[in-house]
Amino acid sequence: MRYLVTGGAGFIGSNTVDELVRRGHEVVVLDDLSTGKVENLSQASAKIKLMQNSITNLDAVREACRAADCVIHLAAQTSVPRSVKDPIETNLANVDGTLNVLVAARDAHVKRVVFASSCAVYGKTSELPIRESAALAPISPYGVSKQVGEAYGRVFQELYALEFVALRYFNVFGPRQDPGSPYSGVLSVFNAALLEGTQPTVFGDGEQSRDFVYVGNVVEAILLAAEAKRAPGLAINIGTGNRCTLNQTLALLEKITGRPARAKYAPPREGDIRDSQADIALAQDILGYHPRIGFEEGLSLTWEWFCAARNASNRTSVHGRLE
Ligand code: UD2
């Protein structure tokens, strides 16, 4: 099959691209490299076509969609706090950009779009684990933008017979997650802190919990969603079905890395939810999804990647100095 991956140079995108290439598919990546990185595609670069452009540019999206069978739409402004600071920027990327992707996919006769949605569409639900039938009550512009993307997709499927599947990701972590911004996912930040020998900061008492899902499991879910017969028209949770507190996570990291993971505790982050946990029964039923890589194994793989990435960058700088 021929795939277009928007946001293919990003964290989830580049891991998806590697797996598509490994399975022998043709891949086009559309990425404006605002947060994605060319080096994330170093493994795949010889076998893919990279178009550096934004999903907010309809002509570019049309060009990228040409001859695609399936679009995996991951390009987005992905940060909740950033969306609170700048809702217009988030709306532009996540709502206008998604509408461009749907229009271009429809006009290019793409068969299916797999859309990156988020557990942020639920807001503060009291009942755990969260089922897809829970009320949608987002509490951030980011959550609203993902809800709107889902709604547009459903309407496009009804009106124009463009198959549309939304995957609601919980807390994804793993190799290539960028720890370098104030909005980075907590596990990338913790890994980076342990690597640097600095003390991780926990916002709150550390007893908040998340359904942390390893990126390899998410990639598996995406590829299943691209082909599953009963998936079109659905929004499906992608997590592990379990949750872990930050304090438990730090204890595991200490065990895995052999480095002290004593955190300093700071006031809770504004707008944080306390607990999150996916019900993954629908994903199991419709996609045949099973999170094969467990939390501890995922943490080990992630730590190994952080260590390897650091060694590689040290080698480059030593080499640079010698020259
Ligand atoms: C996740 C998703 C987000 C959205 C949201 C919906 C990620 C990276 N973000 O946000 O896209 O779907 O869920 O609810 O998956 N924390 C610390 N120390 C740090 C950084 C974070 O204690 O250095 C805490 C933070 O206050 C929060 C928890 O760790 O309680 C998780 O934070 P996060 O930013 O990784 O993810 P979350 O759940 O806010």
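Fair warning: this is a prediction, and the values are worked out from it, not measured in the lab.

Caption draft 1: The arrangement of the overall build of the protein chain in detail. A count of helices and strands for the protein chain gives ten helices and 13 strands. In terms of overall dimensions, the protein chain is globule-like: its C-alpha atoms have a radius of gyration of 19 Å, near the 20 Å expected for 323 residues. Based on the C-alpha atoms only, the size of the protein chain along its principal axes is roughly 55 × 55 × 35 Å. For the protein chain, the share of sequence-separated contacts (at least 6 apart) that also reach a separation of at least 24 residues comes to 79%.

Caption draft 2: The site of the ligand, seen in detail. Around the ligand, a shell composed of 21 residues is seen, among which Ser118, Val186, Arg210, Arg269 and Asp272 lie nearest. Here an oxygen atom of the ligand and a side-chain polar atom of Gln208 are 3.0 Å apart. A distance of 2.5 Å separates an oxygen atom of the ligand from a polar atom in the side chain of Asp272. Burial of the ligand by the surrounding chains reaches 87%, relative to a free accessible area of 730 Å².

Caption draft 3: Fine view of the pairing of strand β6 (residues 163-169). With six of seven residues buried, β6 is to be regarded as a mostly interior element. Read as a crossover between parallel neighbours, the route from strand β5 (residues 112-118) over helix α5 (residues 141-160) to β6 is right-handed. Note: β6 against strand β11 (residues 235-238), four bridges, orientation parallel. Bridged to Ala166 within β11 is Ala235.

Caption draft 4: Representation of the packing of helix α2 (residues 58-65) against helix α4 (residues 87-107) within the structure. Interaxial distance between α2 and α4 falls to 9 Å at its minimum, and their mutual angle equals 40°. Here α4 runs oblique to α2, going by the angle between their axes. Relative to α4, the crossing made by α2 is right-handed. Contacts between α2 and α4 involve Leu58, Val61, Arg62 and Cys65 on the former and, on the latter, Asn100, Val101, Val103, Ala104, Ala105 and Asp107.

Caption draft 5: Summary view of the sheet that holds strand β3 (residues 48-52). Spatially, seven strands are ordered β3-β2-β1-β4-β5-β6-β11 in an open sheet, and the strand pairing comes out parallel. Among the strands making up the open sheet, the edge pair consists of β3 and β11. For this sheet, the mean angle separating the axes of adjacent strands, direction not counted, is 20°. Packed onto the sheet, α2 meets β1 (2-6), β2 (26-31), β3 and β4 (70-73) and runs at close to 175° relative to β3.

Caption draft 6: Structural context of α2. Turning to α2, its buried residues number three or more, namely Ala60, Val61, Ala64 and Cys65. One face of α2 carries all of its buried residues, which in axial projection span an arc of 135°. Close packing links the buried residues of α2 with β1, β2, β3, β4 and α4. Its side-chain oxygen at 3.1 Å from the backbone nitrogen of Asp59, Asn57 defines the N-terminal cap of α2. Immediately beyond the C-terminal end of α2, within one or two residues, lies Ala67, with a positive phi of roughly 70°.

Caption draft 7: A look at the side chain of Thr98. The topology assignment puts Thr98 in helix α4. Since its relative accessible area comes to 2%, Thr98 is described here as buried.

Caption draft 8: Layout of a nonpolar patch on the surface. On the surface, a nonpolar cluster with roughly 290 Å² of combined accessible area is contributed by Val155, Leu159 and Tyr160. Residue position: Leu159 is located in helix α5.

What counts and how
- Residues numbered from 1 in each chain as written.
- Predicted model: local features only at pLDDT ≥ 70, side-chain atom pairs only at ≥ 80, totals over all residues.
- Heavy atoms only, no water.
- Helix = DSSP H or I, 4+ residues; strand = E, 2+ residues; numbered from the N terminus.
- Rg over C-alpha atoms; globule rule 2.2 N^0.38 Å.
- Contact = heavy atoms within 4.5 Å.
- Near = heavy atom within 4 Å.
- Polar contact = N/O pair within 3.5 Å; in protein donor to acceptor, adjacent residues only side chain to side chain.
- Areas by Shrake-Rupley, 256 points an atom, 1.4 Å probe, with all protein chains shown as cover.
- Buried < 20%, exposed > 50% of the residue type's maximum accessible area, 1.4 Å probe, protein only.
- Right-handed = clockwise from strand over helix to strand, strands pointing away.
- Pairing = 2+ DSSP bridges.
- Axes fitted to C-alpha atoms, helices over the stretch in contact; angles between N-to-C directions.
- Parallel < 35°, antiparallel > 145°, perpendicular 65-115°, else oblique.
- Left-handed = near helix turned anticlockwise from the far one by under 90°.
- Arc of directions from axis to C-beta.
- Patch = residues over 30% accessible without salt bridge, like charges linked within 9 Å, V, L, I, M, F, W, Y side chains within 5 Å.
- Salt bridge = Lys/Arg side-chain N within 4 Å of Asp/Glu carboxyl O.

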